[in-house]
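Listed here are the chains, written in short residue letters.
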Amino acid sequence: MDYRKEIVKYAKLMCEKGYSVATDGNLSVLMDDGNILITPSGFRKGEVTEDSLVVISKNGEKIEGKYEPSMEKWMHIFIYEVREDVKAIVHAHPPYATAFSLQMPREYEPVLPEIKMFIGKFGFVAFKEPGTLELANLVKEKAPNYNVLILQKHGIVTYGKSLFDAFNNLERLEFEIKIRALKNLFKFQH
Ligand SMILES: [Zn+2]
């Protein structure tokens, strides 16, 4: 599997779907040699190219690449550390889920049956500044118990055994929260 092609494909899709604003968001894949291929810092996700991607070790050192790795690299590294089943991670700021993050309860039980089946409950991570070890540590604490996490006042992180799965989780999470928001449009009289 060509991981570089795959990351570029889903980075573009993230941008097209409006799940990332300006240079926000990042994607990574755990490669067969145990290193991590991750998007570079400071790029619009629609403009990420195969040769702009960065290879880092599980200790966070840059192994290869012209640019610096995403500032959320620790969040990615820690998830791979605590979830052996996870091979790909997506961090994004989709608008409905991000709005929901402002007032989310401790955890959230989805209403739509397919979301329940594929993802289960959504985990909640209390606010810490983006890009910090503090945020990455809270994500590390919650990741073993949930397949998706909503980061308070920030965005979301989803993961899976491939980028296909991780991105599906992102779309499903955002869809659930969007439907929950839209249901308020239909207040029928009984
Ligand atoms: Zn972010």
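Now for a quick tour of the structure. Every value quoted in this text rests on a predicted model; they were computed, and no experiment measured them. (Residues numbered from 1 in each chain as written. Predicted model: local features only at pLDDT ≥ 70, side-chain atom pairs only at ≥ 80, totals over all residues. Heavy atoms only, no water.)

1. What to know about the pattern of salt bridges
A side chain of one charge can pair with a side chain of the opposite charge when the charged atoms of the two come close.
Here is step 1 of the chain: Counted according to the given criterion, the structure contains nine salt bridges.
Here is step 2 of the chain: The shortest N-O distance in the salt bridge between Asp51 and Lys66 comes to 3.4 Å. Here Lys66 lies in the loop between strand 4 (62-64) and helix 2 (73-82) and Asp51 lies in the loop between strand 2 (36-38) and strand 3 (54-56), a separation of 15 residues in the sequence.
Here is step 3 of the chain: On the basis of relative accessibility, which here comes to 47%, the residue Asp51 falls in the partly exposed class.
Here is step 4 of the chain: Between Glu68 and Lys62 there is a salt bridge; the shortest N-O distance is 3.3 Å. (Salt bridge = Lys/Arg side-chain N within 4 Å of Asp/Glu carboxyl O. Helix = DSSP H or I, 4+ residues; strand = E, 2+ residues; numbered from the N terminus. Buried < 20%, exposed > 50% of the residue type's maximum accessible area, 1.4 Å probe, protein only.)

2. Describing the coordination of the zinc ion
Here is step 1 of the chain: Around the zinc ion, the donor atoms from the protein are His91 (NE2), His93 (NE2) and His154 (NE2), and they sit 2.1 Å away.
Here is step 2 of the chain: Mapped onto the sequence, the residues coordinating the zinc ion show the spacing H-x1-H-x60-H. Of the two residues, His91 and His93, neither departs from the other in class, the shared state being buried. (Donors = N, O, S within 2.8 Å, 3.2 Å for Na, K, Ca; no water.)

3. Section: the sheet that holds strand 2
Strand pairing in a sheet relies on backbone hydrogen bonds, with the paired strands running either antiparallel or parallel.
Here is step 1 of the chain: Within the open sheet, the nine strands sit side by side as 4-3-2-1-5-9-8-7-6. Their pairing is mixed. Both outer strands of the open sheet, strand 4 and strand 6 (107-108), are each paired with one neighbouring strand and no more.
Here is step 2 of the chain: In terms of strand pairing, strand 6 meets strand 7 (residues 122-125) through two bridges, oriented antiparallel. Each residue of the ladder has a partner; that of Tyr108, found in strand 7, is Phe122.
Here is step 3 of the chain: In this fold helix 1 (residues 3-16) packs onto strand 1 (26-30), strand 2, strand 3, strand 4 and strand 5 (88-92), with an angle of close to 155° to the strand it touches most, strand 1.
Here is step 4 of the chain: Helix 5 (residues 133-142) rests against strand 7 and strand 8 (148-151) of the sheet, and its axis sits at about 150° to strand 7. (Pairing = 2+ DSSP bridges. Contact = heavy atoms within 4.5 Å. Axes fitted to C-alpha atoms, helices over the stretch in contact; angles between N-to-C directions.)

4. Considering the packing of helix 2 against helix 5
Here is step 1 of the chain: One way to put it is that helix 2 packs onto helix 5 with a least axis distance of 8 Å and a crossing angle of 25°. With respect to their mutual orientation, helix 2 and helix 5 come out roughly parallel. The handedness of the crossing between helix 2 and helix 5 comes out as right-handed. Of the residues in helix 5, those touching helix 2 at Trp74, Met75, Phe78, Ile79, Glu81 and Val82 are Leu133, Leu135, Ala136, Asn137, Val139 and Lys140.
Here is step 2 of the chain: Across the contact of helix 2 with helix 5, the residue classes break down as nine nonpolar, one polar and two charged. (Parallel < 35°, antiparallel > 145°, perpendicular 65-115°, else oblique. Left-handed = near helix turned anticlockwise from the far one by under 90°. Nonpolar A, V, L, I, M, F, W, Y, C, P; charged D, E, K, R; others polar.)

5. Quick look at the side chain of Glu176
Here is step 1 of the chain: The residue Glu176 is located in helix 6 (residues 163-182) in this model.
Here is step 2 of the chain: Notably, Glu176 is buried but unbridged: the nearest opposite-charge side chain belongs to Arg180, and the N-O separation is 6.0 Å.
Here is step 3 of the chain: Not counting chain neighbours up to four residues away, the residues in contact with Glu176 comprise Tyr108, Pro110, Val111, Leu112, Ile115 and Phe122. (Lys, Arg positive; Asp, Glu negative; His and termini not counted.)

6. Observations regarding unusual backbone geometry
Excluding glycine, residues mostly have negative phi values, and the peptide bonds linking residues are mostly trans.
Here is step 1 of the chain: Unlike most non-glycine residues, Ala22 shows phi in positive territory, near 50°.
Here is step 2 of the chain: With respect to the element layout, Ala22 can be found in the loop between helix 1 and strand 1.
Here is step 3 of the chain: Non-glycine residue Lys153 carries a positive phi angle of around 55°.
Here is step 4 of the chain: Tracing the sequence through the fold places Lys153 in the loop between strand 8 and strand 9 (155-160).

7. Re the packing of aromatic side chains
Here is step 1 of the chain: Considering all chains together, one arrives at six aromatic pairs under this definition.
Here is step 2 of the chain: Ring geometry for Phe43 and Tyr67: centres 4.9 Å apart, planes at 75°, overall edge-to-face. One end of the pair, Phe43, is in the loop between strand 2 and strand 3; the other, Tyr67, is in the loop between strand 4 and helix 2, with 24 residues separating them in the sequence.
Here is step 3 of the chain: A relative accessible area of 34% places Tyr67 in the partly exposed class.
Here is step 4 of the chain: Pairing Trp74 with Phe78 gives two aromatic rings, centres 5.8 Å apart and planes at 45°, and the pair type is tilted. Of this pair, Trp74 and Phe78 both sit in helix 2, four residues apart, which is roughly one turn of the helix.
Here is step 5 of the chain: Under the relative-accessibility criterion, Trp74 is labelled partly exposed at 25%. (Phe/Tyr/Trp six-rings, centres within 6.5 Å; stacked < 30°, edge-to-face > 60°.)

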